[in-house]
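So the chains spell out like this:
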Amino acid sequence: MNNPASIGLIGLGTMGTMLALNIAEKGFHIAVWNRTTTVTHEFKAEAGELASMITPTDTLADLVAAIKPPRSIILMVPAGPAVDDMIAALRPLLAPDDLIIDAGNALFHDTNRRSAEAEAHGPHFMGIGVSGGEEGARHGPAIMGGGLRSDWDRVAPVLDAIAAKYKGTPCANYMGPAGAGHFVKAVHNGIEYADMQMIAEVYGVMRDGMNMPPAEIAATFRAWNTGPLQSYLIEISAEVAAATDTHSGKPMLDMILDRAGQKGTGRWTVIEAQHLAAPIPAIEAAVMARNLSSRLDERIAGEAVFGAAPHPLNGALGLMRLEQAMIAGKILCYAQGFALISAASTAFNWPMPLPEIARVWREGCIIRSSMLNDMATALAEDPNRNLMLAPFFADHLKSTHTALRQTVAAGALHGLPVPALASGLSWFDMMRTGRSTANMIQAQRDFFGAHGFERVDGLPDKHGPWVGHGV
Ligand code: NDP
């Protein structure tokens, strides 16, 4: 029998195996358990030089016995009932001060419920968001923690050690109570959807509007990756655009069906934004675009009825403008995401640390980008100010929003769908309009429902002359 383990892990799938190896590599002895026992032993057998740091266990009781008290056990199983089942199975085996950590992509409402149940019945419970995919889990993910601060502090040495580092600073931090970590992870994923969608939209403008072959598109993304757009997503977009299909010898991108899936975190973010009245239209557009992409047959039928749009832009838009449009779109999408987190902080009474969130996202996660460091600085100056109003980003937007306008206009005129860029622009235009058109909405509401309105001159009269005429 090995020395008692510092930590346990349940669920040796894609993420669990990589996290367990990462933990072992950082010098923490780890005990593991998997529903299918053969997987547990194969994992140990294939762990190479890290095998001595890993204790495989066949039963949950063995797992619990293998960990040094007070125990911490990470769950890396599919979100939903599997998490509840594992908590129910572990509860009778654990002491009240042991800690279960759900590191999957749980809906934060579920994490809130599980945290409340833990408070009532023990053992302790935390929900942490982990981003970075398989590679991140193995070599350094971004980690967003939620639960009791004292529980976070207890496991922080392990989480800090395995997290990605930005110039030596761990990309792991405490986000707030209960479901705060999973909430921040969901917003991260929502931003990820919008960032990916905007890249796909400018790819579409280059492919269909500018008739550029994938190799040229790859070179463009590669060049953009040396400027303000430097990010993991632009970097991998260059790589996928440059790749060749080994079967056909054609560009890989041209061989991939244009039908995108989702696991739900983007949708959760959009639903929550609606509940909080904190609009995130660029993210909504990205979720909508994935849903429409899956309607392949209907889209083909649509093209048969209406004909293909007259795409060629004939020089109407240059690559520099497209890059600027992407810069503006990206800032607007992040501004929406951070505004949503700010609204949730107030509504849930969770003081979520906005600058820390930007810092945690600088490395390890899918949306890591050089812009996030500037966002952290801007949010540290004033976390309550919308990011688009921070001087650094306001200057960027002043110099790029015209290009965004030209891109969206060109898309509209030439039938190139750019829903996330267009939604970002509409949000920007509403957010920079001191006198909106909601006075018309208020008048209509008062006309048909006597809902009343506020007057610009402050007079107490709440109704228009039409009251009594409505239905
Ligand atoms: P996998 O499907 O690769 O692995 C799932 C693991 O959970 C397996 O070990 C499986 O065991 C176990 N499992 C499944 N159902 C149950 C159950 N009912 N009871 C007990 N164990 C069960 O999933 P991932 O590793 O990809 O994902 C795990 C979590 O991490 C999910 O919440 C996911 O959303 C999240 N996540 C995933 C990321 C990714 O890039 N893949 C990124 C960030 C988060 P068995 O071997 O017996 O089937």
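Residues numbered from 1 in each chain as written. Predicted model: local features only at pLDDT ≥ 70, side-chain atom pairs only at ≥ 80, totals over all residues. Heavy atoms only, no water.

**Comments concerning the overall build of the protein**
- From N to C terminus, the protein includes 19 helices and 10 strands.
- By its C-alpha atoms, the protein is 80 × 70 × 45 Å across when sized along the principal axes.
- The proportion of buried residues among the 471 residues of the protein is 50%.
- When contacts within the protein are restricted to residue pairs at least 6 apart in sequence, those whose partners lie at least 24 apart make up 69%.
- Element-wise, carbon and sulfur atoms account for 57% of the exposed surface of the protein, whose accessible area totals about 21300 Å².
- Placing the 36 positive and 46 negative side-chain charges of the protein at their respective mean positions leaves the two points 3 Å apart. (Helix = DSSP H or I, 4+ residues; strand = E, 2+ residues; numbered from the N terminus. Buried < 20%, exposed > 50% of the residue type's maximum accessible area, 1.4 Å probe, protein only. Contact = heavy atoms within 4.5 Å. Areas by Shrake-Rupley, 256 points an atom, 1.4 Å probe, with all protein chains shown as cover. Lys, Arg positive; Asp, Glu negative; His and termini not counted. Charge placed at Lys NZ, Arg CZ, Asp CG, Glu CD.)

**Re the site of the ligand**
- Lining the immediate surroundings of the ligand are 20 residues, of which Thr14, Met15, Asn34, Arg35 and Thr36 lie closest.
- One of the backbone nitrogen or oxygen atoms of leucine 12 is found 3.0 Å away from an oxygen atom of the ligand.
- One of the backbone nitrogen or oxygen atoms of alanine 79 is found 3.4 Å away from an oxygen atom of the ligand.
- Contact with the protein chains removes 75% of the 910 Å² of surface that the ligand exposes when unbound.
- The set of elements that each furnish at least two residues to the shell around the ligand consists of helix H1 (14–25) and helix H4 (81–90).
- Here the shell around the ligand is built from residues that sort into 10 nonpolar, eight polar and two charged. (Near = heavy atom within 4 Å. Polar contact = N/O pair within 3.5 Å; in protein donor to acceptor, adjacent residues only side chain to side chain. Nonpolar A, V, L, I, M, F, W, Y, C, P; charged D, E, K, R; others polar.)

Everything listed is a geometric property; what it means functionally is a separate question.
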